[in-house]
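Chain by chain, the residues:
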Amino acid sequence: MGSVGGMSRTGARLTELGIELPEVFPPAGNYLGCVRSGSLLHVGGHGPVNGSEIVTGKVGDTVDLAGARRAARMTGLSLLATMRLELGDLDRVVQIVKVFGMVNVAPGFNQMPAVIDGCSDLLVDVFGDAGRHTRSAVGMAELPFDIAVEIELIAEVN
Amino acid sequence: MGSVGGMSRTGARLTELGIELPEVFPPAGNYLGCVRSGSLLHVGGHGPVNGSEIVTGKVGDTVDLAGARRAARMTGLSLLATMRLELGDLDRVVQIVKVFGMVNVAPGFNQMPAVIDGCSDLLVDVFGDAGRHTRSAVGMAELPFDIAVEIELIAEVN
Amino acid sequence: MGSVGGMSRTGARLTELGIELPEVFPPAGNYLGCVRSGSLLHVGGHGPVNGSEIVTGKVGDTVDLAGARRAARMTGLSLLATMRLELGDLDRVVQIVKVFGMVNVAPGFNQMPAVIDGCSDLLVDVFGDAGRHTRSAVGMAELPFDIAVEIELIAEVN
């Protein structure tokens, strides 16, 4: 579905956008990157990691809004890498259903929606309408290893 | 189901309770108010907004328990407004499955369950047993635009 | 499935591990311990409670990593008790799909994955591969009644 002659439509779209997905990030504990149940794929918390680069720090203090938004986009790319490994082809994504975006906030920073848009914009850029999802974007007291952003999602897949 | 002669049972119940749902609150970023996948409707984070009224502030500091509970009820009404727009008729709700209630807490405030009961009580009042759900009610470091409460939910619908 | 001659495989495994599940913890508000919809069982937030014992306090301050990890395991046992009451037999668990682990953190504590492994390890010990799940493990500003850990999960059941 969506693939023509073995060509991945989503893969072509990534190329068009100049996006190369990062290596799949290994889980930081005794858990899996994602689990499928029926038509729903639950993808656990991912962070802004790309190879050796990792964005850490409190948003609103050592990380500014632009940096946090970029971190959210990086996190989205990491989510896509995990999903592609699981599904073989991202064309199997029918709909991104739900995003839960968590921002490692300094006291008083509350522009979480603008931060998490960095991930949401990416999902819509890559999947089009199938990338439109519902969402919460909230401020956490702490995130693992002080990463600036952590995002999990639920996708419908075939 | 639940409607008699085109009459919405849930609509009648809202009238009986003297409830008028607020306008649907527009998402604060690049996302949708809710997304349906199969029989599950995921409704993203909503806040205590009713037209021009919005409840902001830290619960346990500038917002007290009673005010926070009222904000949770307002948030529940906003969730219902979004669900009604999506479903056409709230009678299509088979079961409220899961509520995730987030409270914008001042340090030391930990009566989140009593706050989120403001939403849970509303759901049971409106839907009866179909409104009984499982839940978490937790304290966040920050919420978008400093809203006092944010709630998301999952419903089974037909 | 998994039961031989009326014997619960998971029950036998619990005995083998020397585990006795705690009493089911009553919800702290107007909600249910879990709700099933289709093949998915949503289990709401549980805490580290075993009869009269409850683990409270900020992790990284009055609760150390080892104590928090033990609290996460206690929370996992409480989740299992609720699931067994709902399902009759834990053999009906096909897969633990998703765990959302919340740690009541003191500022600067960010080893949430190591804490929540206390629950994840338990689930894998009890269910084997069926216990392997995806996950987020994050730091909350406050948890109800100052409990040290709160965990919710989604399981596929038959």
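These lines cover the structure that appears in this document, whether it is placed above or below.

So, the packing of helix α2 (residues 65-87) of chain A against helix α3 (residues 112-127) of chain A
All names here are of chain A.
Logical step 1: Between α2 and α3, the shortest axis-to-axis distance is 7 Å and the interhelical angle comes to 40°. The orientation of α2 relative to α3 falls into the category oblique. In terms of crossing hand, the pair formed by α2 and α3 is right-handed. Packed against α2, whose contacting residues are Leu65, Ala68, Arg69, Arg70, Ala72, Arg73, Thr75, Gly76, Leu77 and Leu80, the element α3 presents Ala114, Val115, Ile116, Asp117, Gly118, Cys119, Leu122, Leu123 and Val126 at the interface.
Logical step 2: For the contact of α2 with α3, a count of residues per class yields twelve nonpolar, three polar and four charged.

Quick look at the interface of chain A and chain C
Logical step 1: Taken together, the 24 residues of chain A in the interface contact 29 residues of chain C.
Logical step 2: Of all the secondary-structure elements, those providing two or more residues to the side of chain A that touches chain C are β1 (34-37), β2 (40-46) and β7 (149-157) of chain A.
Logical step 3: Counting residues per element, the side of chain A that touches chain C draws most heavily on β2(A), which supplies four residues.
Logical step 4: Broken down by class, the residue content of the side of chain A that touches chain C amounts to twelve nonpolar, eight polar and four charged.

Looking at the sheet that holds strand β1 (residues 34-37) of chain C
Residues and elements named next belong to chain C.
Logical step 1: Pairing is mixed in the open sheet, where five strands are placed in the order β1-β2-β7-β5-β6. The open sheet has two edge strands with one neighbour each: β1 and β6 (134-140). Sheet twist, expressed as the average angle between the axes of neighbouring strands with direction ignored, equals 15°.
Logical step 2: Where strand β5 (residues 93-104) meets β6, seven bridges bridge the pair, whose relative direction is parallel.

Re the sheet that holds strand β5 (residues 93-104) of chain A
All names here are of chain A.
Logical step 1: Spatially, five strands are ordered β1-β2-β7-β5-β6 in an open sheet, and the strand pairing comes out mixed. Only two strands of the sheet have a single partner each, and these edge strands are β1 and β6 (134-140). Averaged over all neighbouring strand pairs, the angle between strand axes comes to 15°, with direction disregarded.
Logical step 2: Those strands touched by α2 are β1, β2, β5 and β7, and its axis lies near 40° from that of β7.
Logical step 3: The strands touched by α3 are β5, β6 and β7; relative to β5, the strand with the most contacts, the crossing angle is about 160°.

Some remarks on the relation of the copies chain B and chain A
Logical step 1: Of the transformation superimposing chain B on chain A, the axial component is 0.0 Å and the angular component is 120°, with the fit at an RMSD of 0.0 Å. Expressed as an axis order, the relation between the two copies is that of a three-fold axis. In terms of C-alpha distance to the rotation axis, chain B has Ala141(B) as its closest residue, with the C-alpha 2.9 Å off the axis.
Logical step 2: Both copies present different contact surfaces, since only 8% of the interface residues of chain B are interface residues in chain A too.

Concerning the interface of chain B and chain A
Logical step 1: Taken together, the contact pairs 24 residues of chain B with 28 residues of chain A.
Logical step 2: Secondary structure elements with two or more residues in the side of chain B that touches chain A: β1 (34-37), β2 (40-46) and β7 (149-157) of chain B.
Logical step 3: If you tally residues by element for the side of chain B that touches chain A, the top one is β2(B), at four residues.
Logical step 4: Split by residue class, the side of chain B that touches chain A holds twelve nonpolar, eight polar and four charged.

Some remarks on the relation of the copies chain A and chain C
Logical step 1: The operation relating chain A to chain C is a screw motion whose rotation component is 120°, with 0.0 Å of axial translation and a residual RMSD of 0.0 Å.
Logical step 2: The two copies present different faces, since only 8% of the interface residues in chain A are matched by interface residues at the equivalent positions in chain C.

Focus: the nonpolar core
Logical step 1: Formed by 145 residues in total, the largest nonpolar core has its most connected members in Val149(A), Ala155(A), Val149(B) and Val149(C).
Logical step 2: Aside from chain neighbours lying at most four places away, what touches Ala155(A) is Leu41(A), Val43(A), Met83(A), Val93(A), Gln95(A), Ile96(A) and Val97(A).

Observations concerning the environment of Met112(A)
Logical step 1: Checked against the element boundaries, Met112(A) lands in helix α3.
Logical step 2: By C-beta crowding, Met112(A) is classed as buried, having 30 other C-beta atoms within 10 Å.
Logical step 3: For Met112(A) and Gly101(A), which are eleven residues apart along the polypeptide, the C-alpha to C-alpha distance reads 8.1 Å.
Logical step 4: Setting aside chain neighbours within four positions, we find Met112(A) in contact with Gly101(A), Val103(A), Ala137(A), Val138(A), Gly139(A) and Pro144(B).

Structural notes on helix α3 (residues 112-127) of chain C
Along an α-helix, a turn takes 3.6 residues, which lines up residues three or four apart on a common side.
Residues and elements named next belong to chain C.
Logical step 1: Helix length check: α3, at 16 residues, gives a terminal C-alpha distance of 23 Å against a target of 22 Å (1.5 Å per residue), a fit within 8%.
Logical step 2: Its axis deflected by about 35° at Gly118, α3 carries its strongest bend there.
Logical step 3: Taken across its 16 residues, α3 has twelve buried, putting it largely inside the fold.
Logical step 4: Those residues of α3 that fall on the buried side of the exposure criterion are Met112, Pro113, Val115, Ile116, Asp117, Gly118, Cys119, Ser120, Leu122, Leu123, Val126 and Phe127.
Logical step 5: Summarising the contacts, the buried residues of α3 are in contact with α1 (9-16), α2 (65-87), β5, β6 and β7 (149-157).
Logical step 6: In the stretch just after α3, Gly128 is the one whose phi turns positive, near 65°.

Overview of helix α2 (residues 65-87) of chain B
Logical step 1: Spanning 23 residues, α2(B) covers 33 Å between terminal C-alpha atoms, matching the ideal 33 Å at 1.5 Å per step.
Logical step 2: Two residues or fewer after α2(B) comes Gly88(B), characterised by a positive phi angle close to 85°.

What counts, and where the lines are drawn
- Residue numbering note: each chain is counted from 1, following its sequence as written.
- For this description, chains carry letters from A and ligands carry numbers from 1, given in the order in which they are written.
- Side-chain atom pairs in this predicted model are given and counted only at pLDDT of 80 or more, local residue features only at pLDDT of at least 70, and totals for whole chains, interfaces and linings cover all residues.
- Here, axes are lines fitted to C-alpha atoms. For helices the fit covers the stretch in contact, and angles between N-to-C directions go from 0 to 180 degrees.
- Where helices and strands are cited, they refer to DSSP runs of H or I of at least four residues and of E of at least two residues respectively, numbered from the N terminus.
- Should an angle fall under 35 degrees it is taken as roughly parallel, and over 145 as roughly antiparallel, whereas 65 to 115 is taken as roughly perpendicular and any remaining angle as oblique.
- Definitions for this section: a left-handed crossing has its near helix turned counterclockwise from the far helix by less than a right angle. A right-handed crossing has that turn clockwise.
- C-beta atoms are first placed from the backbone for all residues, and any pair lying within 7 Å is then listed as a contact.
- Throughout this entry, Asp, Glu, Lys and Arg are counted as charged residues, while Ala, Val, Leu, Ile, Met, Phe, Trp, Tyr, Cys and Pro are counted as nonpolar. The remaining residues, Gly among them, count as polar.
- One bridge is not enough; two strands pair if DSSP finds at least two bridges between them.
- Superposing the copies works by least squares over the C-alpha atoms of residues that have pLDDT at least 70 in both of them.
- Joining buried Ala, Val, Leu, Ile, Met, Phe, Trp, Tyr and Cys residues through C-beta atoms within 7 Å gives a set, and that set is a nonpolar core.
- Exposed residues have 12 or fewer other C-beta atoms within 10 Å of their own C-beta, buried residues have 20 or more, and residues in between are partly exposed; the C-beta atoms are placed from the backbone.
- By this rule, a helix spans an expected 1.5 Å times one less than how many residues it contains.
- One axis fitted to the seven residues ending at a residue, another fitted to the seven starting there: the angle between these axes is the bend at that residue.

This is a description of form; function is not addressed.
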